[in-house]
Each structure stands twice: as C-alpha cells, then as structure tokens.
Amino acid sequence: MEFYDWLLFLHVFTAFSLVSALVVFWFVAVAARNVDRPVESLRFFRIAKPANVLVVIGTIGTLVFGVWLAIDADAYHPWDGWVLIALALWLVAAGTGQRGGQTYAEAAKLAARLDGEGRGDQPSEELRVRLQDRRAMWLNIISSLAVVLILVDMIYKPGA
Amino acid sequence: MSLVVSIRPDDWNFPLLLHIVGAALLVGGLVTAVIALLLGWNRESAWYSRLGFRALVFIALPAWFVMRIGAQWIYSKEGFTGDDEPGWLGIGYLTADLGGILLLLSIILTGLGVRQLGRGGRETSVLARIGSVIAVLVLLAYIVAVWAMSGKPD
C-alpha cells in the first residue's frame, strides 16, 4: 500500500465514524422522542455518549485527510469544484450538527439534574419539550442531508 | 490508484454509492447495537439488550442487504472473471458474506437472550452476551473490510 492508499483509508474510516455517530444519534432521537422521565432519557444519553467521540473524530478526520488527499494526489487539487462543494457542505454539516446537538446536550444536563434531585421517575414537561424540539430536529436533518450530499459529491465528482 | 478513481466510468457511480451507503449504515447499525449491548452487560440488561437487538434488526440487517446488492452490482460492471481478482476483493467477499452469517447469528442469539430477560427473574442472559461478542467481532471484521476496500492492498 502506498502513502495515498493509507490516506484514503483514514479518510474513509473517519467518514464511517461520522456516519456511525449520525446513525447512533438518529436511533436515540427517534427512540427517545416520547420519553419524559429523566431516568429513562439518561439510558438513551448513555448510548449517545460514545457517539460524541465518534462525531469529533469523523468531523475533523474527514476534513484533514480529505484536504491532505487533494494536495497529495496528482489528479486532484484543493481548489477543484467538487472539493470546494464538499468543503462547503462540510461547513453546513458541522455547523448545523453542532447547533442541533446542543439542544440534546442541554436535555441531558436537565435529566441528570432532575435525577440528582431525586425526581428521576417523575415526568418532566421541560425535558419532553427539549427532546421533541423541532428546531433541533431540523438542524439535524440538514446536517445529515449535507453528509449524504458530501458522499454523493465524493463519488460523482462533478466537473472532475 | 488516483488514476483508477479518476477514470471510473459514470455508470459505475450509482452502484458504488449504494454499496458505500449500505456499508456505512451497516457499520453505524453495528456501532449502535454494540454500544447498547455492552452497556447491558453491567446494568439494566433487558432494556439495553432489547435496544441493541432492535438496532441489529432494523438498521444493520437491511443495510447489509443494501451493501451486498451494491457490491454485486459494481462487481458485475467491473468485469472480473474470477482469475484476475485482486486480493482486496477476496477480503471484501469474505468479510461481507461471513460477516452476514455472523450478523444473523448475533441477531438470533440476542433475540433469544432478550426473550429470556423479558420473562423476568434474570439479571443477565448468556445468549445475549454471546450475541454481543459476535456483534463486536462482526464490527471489527467490517473495519478490516473498510481498510481493504479503500486501501486496496495487493
């Protein structure tokens, strides 16, 4: 395997980490949608915790190794149209994903606080509202769509 | 490698997209299941095992079919005859098909374990734990497949 092949593997591996994190987040978001008891929501947040690490590895890794690949490969350049499209989509995915995730992070803090106060088994309207936040849901939909479009862009390479 | 990618015919793109989307969702489904199943080793086994089982059935299994159909489609377009197949393709086939059988085994064992736990009176299930270990092995096998498919070692 040449250096380029290792770079490509690391780029694809980090992309898989990013998609895996999104799958975990969506699975938890859908399954926990009607949850209003802190103790129950905390179970879901425990599943999402390792995905927080994966999303950081995936977001940073895809960018770093992707740009490195574009510099290293003779056939491509960082200023190629499809590379610039991918970078723009990456910004959209990272920005909306980070904002959407904030709502769930706040919900996790709220659930932990309520549980700490001994109210873990009592339904919380505030928690339910945060878990069903439509703005956060839309931000996550936009973020996931941007990731899908990056994948389409990477394969079809328009203009290359 | 870069030359091969740059001259790939346009009609290979959709099968490749299907293959990669399926593979990414498969790994994502396995990651979700493995996290839930491993959490179930130490606490609330019935709840976490049920969630892990659902991730295997509703995400990993359908994604495996998407990945495998995409793989066969792109294989048919690349025109391999069986004699000139590169090593990475063999790794891909082995991990995809053996991984598929192990995935099915993991689903069956985890499902039986969830059923045992659902009947009550049990804190843990050996079957669910064996299913968890197999799910971890399948995930590791697919990481090797990602390496073989992207790095394409000779």
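S.K.: Looking at this structure, how should I read the overall build of chain A?
M.R.: Within chain A, the regular secondary structure consists of 5 helices and 0 strands. The helix and strand sequence of chain A, counted from the amino end, reads α-α-α-α-α. A principal-axis box enclosing the C-alpha atoms of chain A has dimensions of 60 × 30 × 20 Å. The contacts in chain A between residues at least 6 apart in sequence include a share of 81% that link residues at least 24 apart.

S.K.: Just checking my understanding: could you explain the overall build of chain B for this structure?
M.R.: Scanning chain B from terminus to terminus reveals 5 helices and 0 strands. Taking the principal axes of the C-alpha coordinates as reference, chain B spans close to 60 × 25 × 20 Å. Looking at chain B residue by residue over its 154 residues, the buried ones come to 42%. Restricting the contact set of chain B to residue pairs at least 6 apart, pairs at least 24 apart contribute 79%.

S.K.: Can you walk me through the nonpolar core in this structure?
M.R.: Among soluble globular proteins, nonpolar side chains are generally buried collectively. Within the largest apolar cluster, 85 residues are counted, with the highest numbers of intra-cluster contacts made by A:V24, B:L26, B:L30 and B:A60. For B:L26, the contacting residues outside a window of four places in its chain are B:A60, B:A63, B:W64, B:M67 and B:Y142.

S.K.: Hey, could you run me through the interface of chain A and chain B in this one?
M.R.: By a widely used convention, the size of an interface equals the accessible area lost when the partners come together. Facing 29 residues of chain A, the contacting portion of chain B comprises 30 residues. Breaking the side of chain A that touches chain B down by element, the ones donating at least two residues are helix 1 (3–31), helix 2 (38–72) and helix 5 (134–156) of chain A. Top contributing element to the side of chain A that touches chain B by residue count: helix 1 of chain A, with 15 residues. A class-by-class count of the residues in the side of chain A that touches chain B yields 23 nonpolar, 1 polar and 5 charged.

S.K.: Explain unusual backbone geometry here, please?
M.R.: Among all residues save glycine, negative phi is the norm, and among peptide bonds the norm is trans. Unusually for a residue other than glycine, A:K157 sits at a positive phi of about 45°. Note that A:K157 resides in the segment after helix 5. Although it is not a glycine, B:E44 sits at a positive phi angle of roughly 35°. Along the chain, the position of B:E44 falls in the loop between helix 2 (13–42) and helix 3 (45–78). Judged by the 15 C-beta atoms lying within 10 Å of it, B:E44 falls in the partly exposed class.

S.K.: It is not clear to me how the environment of B:S132 should be interpreted in this structure. Could you clarify?
M.R.: Residue and element names in this part refer to chain B. With respect to the helices and strands, S132 occurs in helix 5 (residues 126–151). On the basis of neighbour count, S132 is assigned to the buried category, with 26 C-beta atoms found within 10 Å. Residues S132 and V34, spaced 98 residues apart in sequence, show a C-alpha to C-alpha distance of 6.5 Å. Look past the residues within four positions of S132 in its chain and what remains in contact with it is L37 and L38.

S.K.: Honestly, helix 2 of chain B in this entry has me stumped. Any pointers?
M.R.: Side chains of residues three or four places apart in an α-helix project in the same direction, reflecting 3.6 residues per turn. Between the first and last C-alpha of helix 2 of chain B there are 44 Å, a value that for 30 residues agrees with the 44 Å anticipated at 1.5 Å per step. Directly after helix 2 of chain B, the chain includes B:E44, whose backbone phi takes a positive value near 35°.

S.K.: Whenever I open this one, helix 5 of chain B confuses me. Can you help?
M.R.: Over its 26 residues, helix 5 of chain B extends 38 Å from the first C-alpha to the last, a length consistent with the 38 Å expected when each residue adds 1.5 Å. Phi turns positive one or two residues past the end of helix 5 of chain B, at B:K152, with a value near 45°.

S.K.: Is there a simple way to think about the confidence of the model for chain B in this case?
M.R.: Low-pLDDT portions of the prediction should not be read for the details of their coordinates. Residues and elements named next belong to chain B. Here chain B averages 89 in pLDDT, while 95% of its residues score no lower than 70. Model confidence for chain B, summarised as mean pLDDT per element, is weakest for helix 1 (residues 2–6) at 45 and strongest for helix 2 at 95. Here residues 1–5 is a poorly scored stretch, pLDDT under 50, and it has 9 contacts once near neighbours within four places are set aside; other chains count. Both scores are given for the predicted complex: the pTM is 0.92, the ipTM 0.92.

Criteria and thresholds
Residues numbered from 1 in each chain as written. Chains lettered and ligands numbered in written order. Predicted model: local features only at pLDDT ≥ 70, side-chain atom pairs only at ≥ 80, totals over all residues. Helix = DSSP H or I, 4+ residues; strand = E, 2+ residues; numbered from the N terminus. Contact = placed C-beta atoms within 7 Å. Buried ≥ 20, exposed ≤ 12 C-beta atoms within 10 Å, placed from the backbone. Core = buried A, V, L, I, M, F, W, Y, C linked by C-beta atoms within 7 Å. Nonpolar A, V, L, I, M, F, W, Y, C, P; charged D, E, K, R; others polar. Expected span 1.5 Å × (residues − 1). pLDDT = per-residue confidence, 0-100.

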